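Residue-level structural notes
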Protein chains: 2
Amino acid sequence: MDLASLPGFRDFFPEEAARREYIFRKWRETAERYGFVVYDGPPLETTDLYRRKSGEELQEQLYSFTDKGERDITLRPEMTPSLARMVASRGNSLPKPIKWFSIPQLFRYERQQRGRLREHFQFNCDIVGEASVAADAELVALLVDALRSFGLSEKDFWVRVSDRPLLAALLEALGISGPELQKVVFQAVDKLTREPAEKTRAKMVEGGLSAEQAGRVLALFEGKKLTDIAAEFDASSAVCERVMALQRFFGILDAMGLGAFVEFDLRIVRGLAYYTGIVFEAFDRKGEFRAICGGGRYDNLLKTIGGVDMPALGFGMGDVVLGELLTERKLWPEKLMKGVDVFLVIVEEKLRPQMLSLAHQLRSAGLSVDYGFTEANVGKQFKAATTRDARFAVVMGPDEWKRGAVKLKNLTSREEVEVGVDAIVARLREKPSLQAANV
Amino acid sequence: MDLASLPGFRDFFPEEAARREYIFRKWRETAERYGFVVYDGPPLETTDLYRRKSGEELQEQLYSFTDKGERDITLRPEMTPSLARMVASRGNSLPKPIKWFSIPQLFRYERQQRGRLREHFQFNCDIVGEASVAADAELVALLVDALRSFGLSEKDFWVRVSDRPLLAALLEALGISGPELQKVVFQAVDKLTREPAEKTRAKMVEGGLSAEQAGRVLALFEGKKLTDIAAEFDASSAVCERVMALQRFFGILDAMGLGAFVEFDLRIVRGLAYYTGIVFEAFDRKGEFRAICGGGRYDNLLKTIGGVDMPALGFGMGDVVLGELLTERKLWPEKLMKGVDVFLVIVEEKLRPQMLSLAHQLRSAGLSVDYGFTEANVGKQFKAATTRDARFAVVMGPDEWKRGAVKLKNLTSREEVEVGVDAIVARLREKPSLQAANV
């Protein structure tokens, strides 16, 4: 019998589920610290929703099918179209700016490669209704702090930031006008980190640029600073305007104390055609992994998808690359699986009804409690307590019970005290954390 | 442009998402108090997995399709087959008993009716590897406490409990032998609460029972108590054995103090054919809603699906009926949407860098913080603070700032105090809860 999950799909056994929950919790906490509120859309949408975004040319990797009502539907490959649909459907009734986050599971029919999954969870944070770069900076700060919450520092990752309109203005200044020619450049430079510059140059010349233009374009991507660009292109007001916007953006992150995490890098173009402003990607510093996170401003998407004109920006951070990075950097907390607070041990089977009653009292008090389902000697019960990673054992013996007491044993320190049954909840609550604690 | 979600699929705007999170949180907390650990499976499985469970006769409502690799796959309509597959794949390496819970989203292509959804979330709790009725009682106790955690009491709901082998033994004692005849009875009595007894009787006679047998079967379902049954069928050792098991089961729930929530009711047969022991369903007392929850023991399923012989039992509780019940009983907490802890207000735009720095300090200290992205007068900023449901406003004015201080205003009590910037985190942390609190 085949007991495997579908290729590219993960089973989350308790250990993996605990890791997933840890990632989700950190994401959620960071989003909430930034005043973002949670939302969610359906995992199935009409295929048309994705067609509206990308034009007729749909992505190959869609999980699309026809349902029993003859609808052409798709398992969501990304969250932004659902977000755009939802926000547009409420139009102006939502107070702006909207700051929403979600942790959807997303699906892509990727060709099977080692480690390539067909599903992943993605932390999505979006701001809708705010045109100022202050929103772009807020979003990147959130992304930085989300990664920092896992113990990653500026030595581990950085966020490379570029700007679509700046790049367009620069090309314009170089005499490369019109969306077709610019698209040639965007597509060529998107591969700049993955192929030799000569190949990129050839592609651009093939696409219609002059050799001189291609050379100047390549020069743009040789790690120029914003100030260099401003000085070189000071005749272009469009360039100056975007340089100033970017300077404001970086200024905000500096004011927040996050300057060390972000860097201007014109090479970040992002594959998706719909970005209209600042774009960014987070990478590990060593360059060992794919992008940890990517996003940017997409001011036209709500209009395209929902007919409502609202500026918007967002990012998506997947759980897979992040998880690999945490593993490589040994940043997973030592103990993610929570053990139970208390394991109840009975010295005589006769005491079972009393044990069940106590179990329910302790659970009602908010403690996590376990016990053996069937008669077993004390040694076996203690073994079960260890298997369940219990912090405390409560040992119920006939003599103590007559005195209205039980033995409370700390399973880490092995200390043991006799406690009155009435006092036990208070005693255990003194240290309600799941960490080992002295009685 | 069509801005609706697919029929039967819900959008979770922040308000609905907050309700969903509330339900999930209560479910999770209760499961953890009972020592259950979280797991999850993939939302897509091979259709074969569901075929293995139900035999060739697959449910009509499956969301099945063929993927690009020509696989026949299905969006999970229930969780148990995935659980069985996962547990079987790890076989004996998992310590027993396994106590696992999950909150999957499930999919069924239901015919469209008012309020009938095609997706819902379901709290699934299962115990694997324990044959004793102690496990059945533990599971029902968990289900009761999960519902109680929402403020539902024994006046609001009850759990009706029956037993498949008891029913089989009773039919046997009435001379109704063999799976075919018994299946006729199971199917007939499953509808007993929804159709007149005469119709049920006719069906049974049609199915091959004698008129006398049909009459005695109907008499069984007239609210007989366990003790009545034991007395009436004391010649059948199979009946006596199951009566004793059920008495043990109810005894455990009594010992836990939950006796008032459970009741023996032979009419609970449960549609699914795979149950092998105690079965149960939770209903609202007024009988206004469909079943809130259902489950039971399915000792053969792991073998059928995964080739591993392990006793198992579980229940599923959906979010939809539960949500309707909470609405009807007015049991939703008044305030589910969390506002932010602090909204930062600047009296002069010049102070923006200082505000951004303070925002980041407060966020780093774990507080949720919001502020306006663009220049606005103080009145507008306070209005935004109210919109964001902030507990406190921190007002940064040039004079206070020179003194190293800010004004801290409690937006509920309207009290205002001046606080040193260094002390502000400590001051706000005194009452870190999201409830309104005095400064």
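Residue numbers run consecutively from 1 along every chain, following the written order of its sequence. Chains carry letters from A onward and ligands carry numbers from 1 onward, assigned in written order. Local features in a predicted model are, by the rule used here, given only for residues with pLDDT of at least 70; side-chain atom pairs are given and counted only at 80 or more, and totals for whole chains, interfaces and linings are based on all residues. Side-chain descriptors were evaluated using all non-hydrogen atoms of the structure, hydrogens and water having been removed beforehand.

Quick look at the overall build of chain A now. If you tally the helices and strands in chain A, you get 16 helices and 17 strands. Note on method: radius of gyration uses C-alpha positions; expected globular size equals 2.2 Å times residues raised to 0.38. Relative to the globule expectation of 22 Å for 439 residues, the C-alpha radius of gyration of chain A, 28 Å, shows a markedly less compact shape. Each principal axis of the C-alpha distribution contributes one length, and for chain A these read about 95 × 55 × 45 Å. Taking all 439 residues of chain A together, 56% fall into the buried category. It only takes one pair of heavy atoms within 4.5 Å for two residues to be counted as in contact. Of the contacts made within chain A by residues no fewer than 6 positions apart, 67% connect residues no fewer than 24 positions apart. Working definition: helices are DSSP H or I runs of at least four residues, strands are E runs of at least two. Numbering for both runs from the N terminus. The buried label goes to any residue with under 20% of its type's maximum accessible area, the exposed label to any with over 50%, and the partly exposed label to all in between, with areas taken from a 1.4 Å probe on protein chains only.

This part is about the pairing of strand 7 (residues 119-128) of chain A. Taken residue by residue, a regular strand's side chains alternate between the two faces of the sheet. Residues and elements named next belong to chain A. Extensive coverage of strand 7 is indicated by the burial of nine of its 10 residues. Any two strands between which DSSP finds at least two bridges are classified as paired. As paired elements, strand 5 (residues 98-102) and strand 7 share five bridges and run antiparallel to each other. Each residue of the ladder has a partner; that of Ile98, found in strand 7, is Val128. The pairing of strand 7 with strand 12 (residues 312-318) spans seven bridges and is antiparallel. By the bridge assignment for strand 12, Asp126 is matched with Gly314.

Contacts between the two partners involve 94 residues from chain A and, on the opposite side, 94 residues from chain B. Values labelled buried area give the accessible surface lost by two parts on being combined, using a 1.4 Å probe and summing over both. Together chain A and chain B conceal approximately 7500 Å² of surface at their shared face, both sides included; 62% is due to carbon and sulfur atoms. In what follows, salt bridge is the name for a side-chain nitrogen of Lys or Arg lying within 4 Å of a carboxyl oxygen of Asp or Glu. Taken together, the links from chain A to chain B amount to 10 salt bridges. Its salt-bridge partner being Lys338 of chain A, residue Glu32 of chain B comes within 3.3 Å of it at the nearest N-O pair.

Each pair of packed helices can be described by the angle between their axes along with the distance between the axes. Residues and elements named next belong to chain B. To get an axis, fit a line to the C-alpha atoms, keeping to the stretch in contact for a helix; angles then go from 0 to 180 degrees between the N-to-C directions. At a minimum axis distance of 9 Å, the contact between helix 1 (residues 14-33) and helix 4 (residues 133-148) shows a crossing angle of 145°. As for how helix 1 packs across helix 4, the hand of that crossing is right-handed. Taken together, the residues of helix 4 that come into contact with helix 1 (itself represented by Thr30, Ala31 and Arg33) are Leu142, Asp145 and Ala146. Definitions for this section: a left-handed crossing has its near helix turned counterclockwise from the far helix by less than a right angle. A right-handed crossing has that turn clockwise.

Attention now goes to the relation of the copies chain A and chain B. The operation relating the two chain copies consists of a rotation about an axis and a shift along that axis. Least-squares fitting of chain A to chain B yields an RMSD of 0.1 Å, with the superposition described by an axial translation of 0.0 Å and a rotation of 180°. Taken together, these values place the two copies in the relation of a two-fold axis. Proximity to the rotation axis, assessed at the C-alpha, singles out Phe65 of chain A in chain A; its C-alpha lies 3.3 Å from the axis. Looking at the interface residues of chain A, 100% of them are also at the interface in chain B, so both copies use one shared face. Fitting of the copies onto one another was done by least squares over C-alpha atoms, counting residues only where both copies have pLDDT of at least 70.

With that settled, consider the packing of aromatic side chains. Aromatic rings from Phe, Tyr and Trp, taking only the six-membered ring of Trp, are treated as a pair when their centres fall within 6.5 Å; an angle between ring planes under 30 degrees marks them as stacked, one over 60 as edge-to-face, and anything in between as tilted. Applying the stated criterion across every chain, the model contains 37 aromatic pairs over all chains. A centroid spacing of 6.2 Å and a plane angle of 70° characterise the contact between Phe101 of chain A and Phe123 of chain A, whose relative ring orientation is edge-to-face. Taken as a pair, Phe101 of chain A in strand 5 and Phe123 of chain A in strand 7 lie far apart in primary sequence, 22 residues in all. For Phe101 of chain A, a relative accessible area of 1% corresponds to the buried category. Chaining the aromatic ring pairs together yields one cluster made of Phe12, Phe24, Trp27, Phe101, Phe121, Phe123 and Phe315 of chain A. Any Lys NZ or Arg CZ found within 6 Å of a ring centre and within 35 degrees of that ring's normal is scored as a charge over the ring. Between the NZ or CZ atom of Arg90 of chain A and the centre of the ring of Phe13 of chain B, over which it lies, the distance is 3.6 Å.

Right, let's get into the nonpolar core. We call a set of buried Ala, Val, Leu, Ile, Met, Phe, Trp, Tyr and Cys residues a nonpolar core when their side-chain atoms join them within 4.5 Å. Grouped together as the largest cluster of nonpolar side chains are 215 residues, with contacts concentrated most on Met317 of chain A together with Met317 of chain B. Those residues in contact with Met317 of chain A, other than ones at most four positions away along the chain, are Trp27, Phe121, Gln122, Phe123, Leu143, Ala146, Leu147, Ile292, Cys293 and Leu322 of chain A. If you look at the next biggest cluster of nonpolar residues, it comprises 29 residues, including Phe13 of chain A together with Leu83, Ala88 and Ile305 of chain B.

All right, on to the pairing of strand 4 (residues 72-75) of chain B then. Residues and elements named next belong to chain B. As paired strands, strand 2 (residues 44-46) and strand 4 are joined by three bridges and run antiparallel to one another. Pairing of Glu45 across the sheet is with Thr74, part of strand 4. Note that strand 3 (residues 63-66) and strand 4 share four bridges and pair antiparallel. Bridged to Thr66 within strand 4 is Asp72. Counted between consecutive antiparallel strands, the loop separating strand 3 from strand 4 contains five residues, among which Glu70 sits at a positive phi close to 65°.

What follows concerns unusual backbone geometry. The omega torsion across Lys96 of chain A and Pro97 of chain A is -10°, close enough to zero to call that bond cis. When you line up the elements, Pro97 of chain A lands in the loop between helix 3 (80-90) and strand 5. One non-glycine residue with positive phi stands out, namely Glu70 of chain A, at about 65°. Mapping Glu70 of chain A onto the fold places it in the loop between strand 3 (63-66) and strand 4 (72-75). One non-glycine residue with positive phi stands out, namely Arg414 of chain B, at about 65°. Mapping Arg414 of chain B onto the fold places it in the loop between strand 16 (405-410) and strand 17 (416-420).

Attention now goes to the pattern of salt bridges. Evaluated as defined, the whole model comprises 68 salt bridges over all chains. The residue Glu418 of chain B makes a salt bridge to Arg403 of chain B at a minimum N-O spacing of 2.7 Å. Within this pair, whereas Glu418 of chain B is found in strand 17, its partner Arg403 of chain B is found in the loop between helix 15 (398-402) and strand 16, the two being separated by 15 residues in sequence. Beyond isolated ion pairs, a larger network of salt bridges with shared partners links Lys99 and Glu138 of chain A together with Arg363, Asp370 and Arg388 of chain B.

Okay, the side chain of Arg20 of chain A next. For Arg20 of chain A, the location among the structural elements is in helix 1 (residues 14-33). You can call Arg20 of chain A buried: its relative accessible area is 11%. With residues up to four places along the chain from it excluded, the contact list for Arg20 of chain A reads Phe12 and Phe121 of chain A together with Asp40 of chain B.

Below, the discussion takes up the confidence of the model for chain A. All names here are of chain A. Confidence of the predictor in every single residue is expressed as pLDDT, which spans 0 to 100. Averaged over all residues, the pLDDT of chain A is 92; the fraction at 70 or higher stands at 96%. In the predicted structure, residues 432-439 sits below a pLDDT of 50 and forms 23 contacts with residues beyond four places in sequence or in another chain. Among the prediction metrics, the complex's ipTM stands at 0.94, with pTM recorded as 0.95.

Another point: the sheet that holds strand 4 of chain A. Residues and elements named next belong to chain A. Overall, antiparallel pairing links the three strands, which are arranged 2-4-3 in an open sheet. Two strands lie at the open edges of the sheet, namely strand 2 (44-46) and strand 3, each paired on one side alone. The sheet shows a mean angle of 35° between the axes of neighbouring strands, taken without regard to direction. Helix 2 (residues 47-54) contacts strand 2, strand 3 and strand 4 of the sheet and is inclined by roughly 65° relative to strand 2.

Looking at the secondary structure, you find Ile103 of chain B in the loop between strand 5 (98-102) and strand 6 (105-107). Here Ile103 of chain B is in contact with Phe24, Trp27, Phe121, Gln122 and Phe123 of chain B, once residues within four sequence places are set aside.

Let us now look at the environment of Ser357 of chain A. Residue and element names in this part refer to chain A. Mapped onto the elements of the fold, Ser357 is located in helix 13 (residues 352-364). Judged by its relative accessible area of 26%, Ser357 falls in the partly exposed class. Along the sequence, Ser357 and Asp67 sit 290 residues apart, while their C-alpha atoms lie 51 Å from each other.

Residue and element names in this part refer to chain B. Strand order in the open sheet formed by five strands is 14-13-15-16-17, and the pairing between neighbours is mixed. Here the strands that pair on one side only, and so sit at the sheet edges, are strand 14 (369-371) and strand 17. Across the sheet, the mean angle separating the axes of adjacent strands is 30° when strand polarity is ignored. The strands touched by helix 14 (residues 378-387) within the sheet are strand 13 (342-346), strand 15 (392-396) and strand 16, with strand 13 carrying the most contacts at an inclination of about 175°.

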